[in-house]
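Analysis of the macromolecular model
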Amino acid sequence: VPLGRSVREAVFRGAIFMGAANFTSSTFLGNGNFSGTVFEDTADFTEARFHAHAAFVNTTFLGRALFHGCAVAQNLHFVITHFHQGIDLTAVQARDWLTFTRAKIDGTADLSLATIVQLSLDEAEFGGEVNLGHAEISYLEGTGVTFRQSVSAPYAAISLGHLRDSQFMGVVNFDDARIGEVADGEPETVSFAGTVFAADPVARLAQGSVTPDAPGVTQEGFSVTWRVRKQS
């Protein structure tokens, strides 16, 4: 696909890209289907526009996966997908579901500055660092998620949802994040029930945040304490 072209319907099921795949600034007027595709080199979707769904189901990214500034009008699915060199979703705009169901991410997952309506992480495994700095997530869900390295989410906003029966094996930084919200005068929370933290995720929650209900436990079995600290 030439740089910056508009495509009505893109179906690449089972395709193998032996060289770099450059979809930078391309516009997909219909669905983009890359299920079963193998990207042997860099897959570059920087600032691509999907007017409908984008599906990467059982897809393999052997090189870098670049989605910086990508905008998806409907769902962006990474299901049973393996990222060998991480994924760059900086400033991505997902207006419906962004799913990583049973995905495996080796390397950094950068979702900083992202705007996501609904993020699903069921049984995903993040092998590298995860960056959610300044991200805005309206709804988060996930069960059985594994974070093997640090998770950084300073100044992030996660309105409501749950991340249950998961594992944070590295340091967790929610400094000045907004976890939960108040809607119609009632608090909405993000539940971490059954989740295990290797270290107590001390957070400086932004003003007006709601402390998550049903917190997780540390590796030693003690309840996690979400403390609100005044900035020095």
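Residues numbered from 1 in each chain as written. Predicted model: local features only at pLDDT ≥ 70, side-chain atom pairs only at ≥ 80, totals over all residues. Heavy atoms only, no water.

On inspection of all chains with the given rule, the structure shows one salt bridge. With a shortest N-O distance of 2.8 Å, Glu125 and Arg148 are connected by a salt bridge. With Glu125 in strand 21 (residues 125-126) and Arg148 in the loop between strand 24 (146-147) and strand 25 (151-152), this residue pair connects regions lying 23 residues apart in the sequence. Accessibility expressed as a relative area gives 38% for Arg148, which makes it partly exposed. (Salt bridge = Lys/Arg side-chain N within 4 Å of Asp/Glu carboxyl O. Helix = DSSP H or I, 4+ residues; strand = E, 2+ residues; numbered from the N terminus. Buried < 20%, exposed > 50% of the residue type's maximum accessible area, 1.4 Å probe, protein only.)

If you trace the ten strands from one edge of the open sheet to the other, you get 3-7-11-15-18-21-24-27-33-34, paired in parallel fashion. Each edge of the open sheet carries a strand with a single partner, namely strand 3 (16-17) and strand 34 (217-218). Judged from the two bridges that link them, strand 11 (residues 60-61) and strand 15 (residues 82-83) form a sheet pairing that is parallel. Following the sheet pairing, Thr60 is matched in strand 15 by His82. (Pairing = 2+ DSSP bridges.)

Note: strand 17 (residues 93-99) against strand 20 (residues 115-120), five bridges, orientation parallel. Paired with Trp97 across the strands is Gln118, a residue of strand 20. Here five bridges tie strand 20 to strand 23 (residues 136-143), and the two strands are oriented parallel to one another. Across the sheet, residue Ile116 finds its bridge partner in strand 23, namely Ile137.

Moving on, we come to the sheet that holds strand 25. Taken in spatial order, the eight strands of this open sheet run 4-8-12-16-19-22-25-28, and their pairing is parallel. The strands lining the two open edges of the sheet, one partner per strand, are strand 4 (21-22) and strand 28 (172-173). Note: strand 16 (residues 87-88) against strand 19 (residues 109-110), two bridges, orientation parallel. Across the sheet, the residue bridging to Ile87 is Ala109, located in strand 19.

This paragraph deals with the environment of Ala21. Its location among the elements puts Ala21 in strand 4. On the basis of relative accessibility, which here comes to 4%, the residue Ala21 falls in the buried class. Those residues within four positions of Ala21 in sequence are excluded, and the remaining contacts are Phe39, Thr42, Ala43 and Asp44. (Contact = heavy atoms within 4.5 Å.)

Take the packing of aromatic side chains next. Throughout the structure, instances matching the rule amount to 33 aromatic pairs. Aromatic side chains Phe28 and Phe34 sit 6.3 Å apart centroid to centroid with 80° between the ring planes, which places their arrangement in the edge-to-face category. With respect to burial, Phe28 and Phe34 carry one shared label: buried. (Phe/Tyr/Trp six-rings, centres within 6.5 Å; stacked < 30°, edge-to-face > 60°.)

In a soluble, globular protein the nonpolar side chains are often hidden away together inside. Ranked by internal contacts, the top residues of the largest apolar core, which has 59 residues, are Phe45, Phe56, Phe67, Ile87, Leu98 and Phe100. Contributing elements (two or more residues each) for this core: strand 10 (54-57), strand 14 (76-79), strand 17, strand 20, strand 23 and strand 26 (157-164). Excluding residues within four positions of it along the chain, Ile87 makes contact with Ala65, Phe67, Phe78, Phe100, Ile105, Thr108, Ala109 and Asp110. (Core = buried A, V, L, I, M, F, W, Y, C linked by side-chain atoms within 4.5 Å.)

Mapped onto the elements, Ser159 comes out in strand 26. Relative accessible area serves as the criterion here: at 18%, Ser159 is assigned to the buried category. Excluding anything up to four places from it in sequence, Ser159 contacts Ile137, Ser138, Gly180, Glu181, Glu188 and Val190.

With that settled, consider unusual backbone geometry. In this structure, Asn58 takes a positive phi of about 55° despite not being glycine. Inspection of the secondary structure assignment puts Asn58 in the loop between strand 10 and strand 11. Look at Asn58 and you get partly exposed, because its relative accessible area is 49%. Phi at Tyr155 takes a positive value of approximately 60°, unusual for a residue other than glycine. Within the secondary structure layout, Tyr155 lies in the loop between strand 25 and strand 26. Tyr155 sits in the partly exposed class, given a relative accessible area of 45%.

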